[in-house]
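As a plain string of letters, each chain reads:
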Amino acid sequence: MLLIHCPYCNETLPEVEFAYASEAHIARPTRPSETTDEDWAEFLFMRSNVKGPLYERWRHVHGCGRFFNAVRDTVTDKFLTTYKAGEPRPDLSSLTEGLK
Amino acid sequence: MTRFNAFNLLKNAMSGHKNWTEQWPDSQPKSEYDVVIVGAGGHGLGAAYYLASQHGITNVAVIDKGWLGGGNTGRNTTIIRSNYLYDESQRLFDHSVDLWQGLSQELNYNVMYSNRGCLMLAHTVHDVQSFKRHVHANRLNGVDNRWLTPEECKEYCPPINIAKDARYPVMGGALQERAGTARHDAVAWGYARGAAARGVDIIQNCAVIAIRRNADGSVAGVDTEKGFIKAKKVAVSASGHNSMVMATAGVRLPLESMPLQALVSEPVKPIFPCVVMSNAVHAYCSQSDKGELVIGSGTDQYVSYSQRGGLPLIEHTIAAISEVFPIFNRMRMLRKWGGITDNTPDRSPIIGKTPVPNLYINCGWGTGGFKATPGSAHVFAHTIAKDEPHPINAPFTLDRFRTGRLIDEAAAAAVAH
Ligand SMILES: Cc1cc2nc3c(=O)[nH]c(=O)nc-3n(C[C@H](O)[C@H](O)[C@H](O)COP(=O)(O)OP(=O)(O)OC[C@H]3O[C@@H](n4cnc5c(N)ncnc54)[C@H](O)[C@@H]3O)c2cc1C
Ligand SMILES: [Zn+2]
């Protein structure tokens with residue numbers, strides 16, 4: 001079972017308390033009427049589906065209920081970090097350094 | 001290739017079965033092919049087989065990073081059915097069920113296709129309405145599917161608990177009698193043997209590292225662990241790794257790769273005559289010819305390439321099995337495993353051309369592509385050979401995510417397989 005750290009509750013809790021919410025840092029087009037079909041497809045459907053460290057969203061559904069972001073290695077399922085929604089992407093090289 | 005028949009069986013029995021020839025050679029890559037297929041699962045091997053047998057294209061290599069059939073083909077729970085909601089899906093999956101009927105004869109290989117029937121249980125009013133809608137949609141297209149009362153469900157499959165006081169009582173079920181199961185490994189082996197006999201090279205333990213493109217953008221070939229292989233056409237059928245492989249050609253896909261797990265019990269005498277799926281309680285079950293119960297449910301919730309999956313999901317699955325079939329609640333489970341499934345947002349596959357000339361993709365089979373192996377391989381081979389889709393896979397384009405013409409089986413069924 002994954003153990004996930006909620007940055008709002010500041011607690012590390014079992015996976016069953018959380019719901020996955022897919023890739024993070026995908027911004028909704030700000031001018032919908034001017035957005036092309038290609039850009040809508042990119043926003044709605046295309047995903048990087050990374051094998052390795054992936055920026056992703058989780059929601060603490062059975063806790064505080066809030067969305068937050070995480071970086072998790074999709075090969076080992078190990079969480080590299082979690083951080084609050086709205087904070088900038090953490091730099092990958094600083095996160096993966098300790099792993100080698 | 002030695003044909004499997006009574007005479008050869010007898011002949012080889014004389015020498016203690018020690019002189020059978022190998023079923024396919026372990027090929028090394030040539031420098032150039034007409035078609036390179038990435039991924040030696042059922043879909044890739046099947047496409048190679050149909051390219052050779054139906055389109056006369058035999059200068060073909062199927063390349064796999066592991067051993068053939070070691071991906072989801074060899075990890076799945078082998079449910080075969082075609083009772084999908086939309087016309088496009090029904091045509092695709094029923095085409096496959098048609099091909100399953102004669103596949104053992106066609107391949108001269110016993111794929112153990114057994115049309116033992118698949119019963120999908122309804123536990124809520126919504127289930128009843130939705131499954132009846134499926135039954136009607138199927139019957140309009142001549143696809144077998146019919147409605148059973150709870151008592152008829154119990155008669156068809158006695159281990160089902162239809163007690164009124166069950167936590168999720170059975171309110172009926174949709175039965176497709178033409179549905180069933182097959183032997184997954186045999187499907188990969190049968191296609192591999194048939195393709196190799198027609199000249200196809202099957203190259204194992206050789207990962208494709210990147211797809212190389214010409215200056216004009218078209219496909220040049222593939223860089224592999226065993227060097228560069230030139231190819232006029234490249235076709236990708238790498239299930240969970242499709243996004244990674246296609247990204248090397250600059251093509252983004254609407255896929256997320258998630259672990260799907262399955263487990264088997266200790267073997268017992270025949271007790272479970274068909275396949276039963278319960279999407280609301282969330283588990284499905286059949287019994288293999290070896291006697292094990294073969295059990296599965298949905299994917300883990302997160303993207304992962306770990307081919308393992310988490311235990312909470314197994315607990316959830318077993319809880320559901322114990323609820324629907326209380327008779328099994330003291331059965332011991334022998335082993336569990338996971339495979340990495342590539343899921344599209346509408347839960348329908350993508351089979352067709354890509355923005356890159358001479359690069360083809362067969363992906364997004366997610367949790368339910370074993371049943372489609374013959375049909376998908378057949379129309380994919382057509383697409384590669386003719387550089388245009390077969391009418392059956394024409395709606396399953398990558399472009400539908402731009403136009404919005406989705407084939408939304410995800411909304412229709414909520415659960416796949
Ligand atoms: C537990 C489980 C249960 C399932 N149950 C069912 C079911 O009941 N019914 C059903 O219809 N479907 C089911 N499925 C789905 C089904 O297994 C798949 O949709 C189907 O087998 C996919 O076949 P494939 O040939 O496309 O992929 P695979 O068999 O996965 O083959 C893809 C191959 O590509 C290779 N590959 C990947 N990357 C590279 C690379 N870079 N270079 C070279 N080779 C590469 C892999 O090694 C692999 O062998 C299930 C799946 C799982 C995991
Ligand atoms: Zn929280």
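This one's a predicted model, so the numbers in the text were calculated from it and none came from an experiment.

## Digging into the packing of aromatic side chains
1) Next: Inspection of every chain in the model, using the stated rule, returns 18 aromatic pairs over all chains.
2) Next: Taking 5.4 Å as the distance between ring centres and 45 degrees as the angle between the ring planes, the aromatic pair formed by W100 of chain B and F370 of chain B counts as tilted. Pair noted here: W100 of chain B is in helix α3 (residues 87-107) and F370 of chain B is in the loop between β16 (359-363) and α9 (373-386), with a separation of 270 residues, a long-range link.
3) Next: Judged by centre distance (5.9 Å) and plane angle (50 degrees), the rings of F272 of chain B and F328 of chain B are tilted. You can see F272 of chain B sitting in the loop between β10 (256-265) and β11 (275-278) and its partner F328 of chain B sitting in the loop between α8 (311-324) and β14 (333-343), a full 56 residues away along the chain.
4) Next: A relative accessible area of 6% places F328 of chain B in the buried class.
5) Next: An aromatic cluster of three or more residues is present, and its members are Y20, W58 and F79 of chain A together with Y302 of chain B.
6) Next: Its end group placed over the ring of Y8 of chain A, R66 of chain A keeps NZ or CZ at 4.0 Å from the ring centre.

## Points about unusual backbone geometry
Backbone phi values are negative for most residues with the exception of glycine, while trans is the configuration of most peptide bonds.
1) Next: Phi is positive for M112 of chain B, which is not a glycine, with a value near 55 degrees.
2) Next: The exposure class of M112 of chain B is partly exposed, given its relative accessible area of 31%.

## A few points about the coordination of the zinc ion (ligand 2)
Residue and element names in this part refer to chain A.
1) Next: In this structure, C6 (SG), C9 (SG), H60 (ND1) and C64 (SG) serve as the protein donors to the zinc ion (ligand 2), at separations of 2.0 to 2.3 Å.
2) Next: Classification of the site at the zinc ion (ligand 2) rests on its four donor atoms, whose angles at the metal span 106 to 112 degrees, yielding the label tetrahedral.
3) Next: Taken in chain order, the donor set of the zinc ion (ligand 2) reads C-x2-C-x50-H-x3-C. Of this pair, C9 sits in the loop between β1 (3-6) and β2 (11-14) while C64 sits in the loop between β4 (53-59) and β5 (67-73); the two residues are 55 residues apart in sequence, bridging distant segments of the chain.

## A closer look at the site of ligand 1
Residue and element names in this part refer to chain B.
1) Next: What surrounds ligand 1 is a group of 36 residues, the closest being D64, N72, T73, T77 and S239.
2) Next: D64 has a polar side-chain atom sitting 2.6 Å from an oxygen atom of ligand 1.
3) Next: Between ligand 1 and the protein, one listed contact pairs an oxygen atom with a backbone N or O atom of F370 at 3.0 Å.
4) Next: When the free accessible area of ligand 1 is taken as 1000 Å², the share hidden by the protein chains comes to 97%.
5) Next: Elements with a contribution of two residues or more to the shell around ligand 1: α2 (42-55), β10 and β14.
6) Next: Here the shell around ligand 1 gets three residues from one element, more than from any other, and that element is β10.
7) Next: Looking at the shell around ligand 1 residue by residue, the class counts come to 12 nonpolar, 20 polar and four charged.
8) Next: Composition of the shell around ligand 1 by domain shows at least three residues from each of domain 1 (9-78 + 184-254 + 346-413) and domain 2 (118-177 + 257-343).

## Structural notes on the layout of surface pockets
Residue and element names in this part refer to chain B.
1) Next: Approximately 470 Å³ is the volume found for the second largest pocket.
2) Next: For the lining of the second largest pocket, the elements supplying multiple residues, two or more each, are β12 (283-287) and β14.
3) Next: Each residue belonging to the lining of the second largest pocket can be placed in one class, and the counts come to five nonpolar, 10 polar and six charged.
4) Next: Formed jointly, the lining of the second largest pocket draws a minimum of three residues from each of two domains, domain 1 (9-78 + 184-254 + 346-413) and domain 2 (118-177 + 257-343).

## Let's talk about the domain arrangement of chain B
All names here are of chain B.
1) Next: Its domain assignment divides chain B into domain 1 (9-78 + 184-254 + 346-413) and domain 2 (118-177 + 257-343).
2) Next: Between domain 1 and domain 2, the C-alpha centre-to-centre distance is 29 Å.
3) Next: With 17 residues of domain 1 at the interface, the matching set in domain 2 holds 19 residues.
4) Next: Here domain 1 packs against domain 2, burying approximately 1500 Å² in sum over the two surfaces, 48% of which is carbon and sulfur.

## Structural notes on the pattern of salt bridges
When charged atoms on two side chains of opposite charge get close, those side chains can pair.
1) Next: Counted according to the given criterion, the structure contains 19 salt bridges over all chains.
2) Next: Across the pair R332 of chain B and E266 of chain B runs a salt bridge whose closest N-O atoms are separated by 3.2 Å. Of this pair, R332 of chain B sits in the loop between α8 and β14 while E266 of chain B sits in the loop between β10 and β11, placing them 66 residues apart in sequence.
3) Next: Connected via shared salt-bridge partners are E38 of chain A together with D399 and R402 of chain B.

## Concerning the UniProt feature "domain: Rhodanese" (unreviewed entry) in chain B
1) Next: Under the UniProt annotation, the feature "domain: Rhodanese" (unreviewed entry) is placed at residues 35-79 of chain B.
2) Next: Structurally, residues 35-79 of chain B comprises 31% helix and 18% strand, and the distance from its first C-alpha atom to its last is 30 Å.

## A word on the environment of P357 of chain B
1) Next: With respect to the helices and strands, P357 of chain B occurs in the loop between β15 (350-353) and β16.
2) Next: Along the chain, P357 of chain B and K233 of chain B lie 124 residues apart, while their C-alpha atoms are 8.5 Å from each other.

## Some details on the packing of α3 of chain B against helix α6 (residues 184-197) of chain B
All names here are of chain B.
1) Next: Two elements in contact, α3 and α6, have axes whose closest approach is 10 Å; the angle formed by their N-to-C orientations is 45 degrees. By the criterion of interaxial angle, the relationship of α3 to α6 is oblique. Every pair of crossing elements has a handedness; the one defined by α3 and α6 is left-handed. For the pair α3 and α6, contact is made by W100, L103 and L107 and by V187, G190, Y191 and R193, respectively.
2) Next: Tallied by class, the residues present in the contact of α3 with α6 amount to five nonpolar, one polar and one charged.

## Focus on the confidence of the model for chain B
Note: predicted coordinates in regions of low pLDDT should not be interpreted at a detailed level.
1) Next: The predicted model of chain B averages 96 in pLDDT, with 99% of residues at 70 or higher.
2) Next: For this predicted complex, the interface confidence reaches an ipTM of 0.95, while the overall pTM sits at 0.97.

Reading the values: rules and limits
Numbers given to residues run from 1 along each chain, matching the order in which its sequence is written. Whichever chain is written first becomes A and whichever ligand is written first becomes 1, with later ones labelled in order. Whole-chain, interface and lining totals are the exception, using all residues; otherwise, since this is a predicted model, local features are given only for residues with pLDDT of at least 70 and side-chain atom pairs are given and counted only at 80 or more. Derived side-chain values reflect all non-hydrogen atoms in the structure, with water molecules and hydrogen atoms excluded from consideration. What counts as a ring pair is set by centres within 6.5 Å for rings of Phe, Tyr and Trp (its six-membered ring), and what kind of pair is set by the plane angle: stacked under 30 degrees, edge-to-face over 60, tilted for all other angles. The helix count covers DSSP runs of H or I at least four residues long, the strand count covers runs of E at least two residues long, and both are numbered beginning at the N terminus. Whether a residue is buried, partly exposed or exposed follows from its accessible area with a 1.4 Å probe, protein chains only, as a fraction of its type maximum: under 20%, in between, or over 50%, in that order. Put simply, a charge is over a ring when the Lys NZ or the Arg CZ is close to the ring centre, within 6 Å, and near the line of the ring normal, within 35 degrees. Coordinating donors are taken as N, O and S atoms within 2.8 Å of the metal, stretched to 3.2 Å for Na, K and Ca; because water is absent from the atoms, sites can appear incomplete. Every geometry call rests on angle ranges, with four donors termed tetrahedral when all angles are between 85 and 135 degrees, four termed square planar and six termed octahedral when opposite donors are over 155 degrees apart and all others are between 65 and 115, and everything else termed irregular. Whether a residue is near a molecule or strand is decided by its heavy atoms; if any one of them lies within 4 Å of it, the residue is near. Identification of polar contacts relies on pairs of N or O atoms within 3.5 Å, with a donor-acceptor requirement for protein atoms, meaning one able to donate a hydrogen and the other able to accept it, and with residues adjacent in sequence counted only if both atoms are side-chain atoms. Each accessible area value is a Shrake-Rupley result obtained with a 1.4 Å probe; residue values ignore everything except the protein chains displayed when judging cover. Note on residue categories: nonpolar means Ala, Val, Leu, Ile, Met, Phe, Trp, Tyr, Cys or Pro, charged means Asp, Glu, Lys or Arg, and polar means any other residue, Gly included. As annotated, the domain borders come from an automatic or database domain assignment. Cavity means a closed set of points on a 1 Å grid over the protein atoms alone, one where a 1.4 Å probe fits but cannot get out, pocket means an open set with protein on both sides within 12 Å along at least 5 of 7 lines, and lining means a residue has an atom within 4 Å of a point. Grid points are joined across faces, edges and corners, and a volume is the space filled by probe spheres set on the points. The contact rule is simple, with two residues in contact once any of their heavy atoms fall within 4.5 Å. Joining two parts hides part of their accessible area as seen by a 1.4 Å probe, and the buried area is that hidden amount summed over both. Definition used for salt bridges: Asp or Glu carboxyl oxygen within 4 Å of a side-chain nitrogen of Lys or Arg. UniProt positions are given in the numbering used here, feature names are shortened, and annotations may be inferred rather than shown by experiment. To obtain each axis, a line is fitted to C-alpha atoms, and for helices this fit is confined to the stretch in contact; angles are then taken between N-to-C directions over 0 to 180 degrees. Geometric relationships in this document are graded by angle, where less than 35 degrees denotes roughly parallel, more than 145 denotes roughly antiparallel, 65 to 115 denotes roughly perpendicular, and other angles denote oblique. Helix crossings fall into two classes, left-handed where the near helix is turned counterclockwise from the far one by less than a right angle and right-handed where it is turned clockwise. The quantity called pLDDT is the predictor's confidence in a given residue, expressed from 0 to 100.

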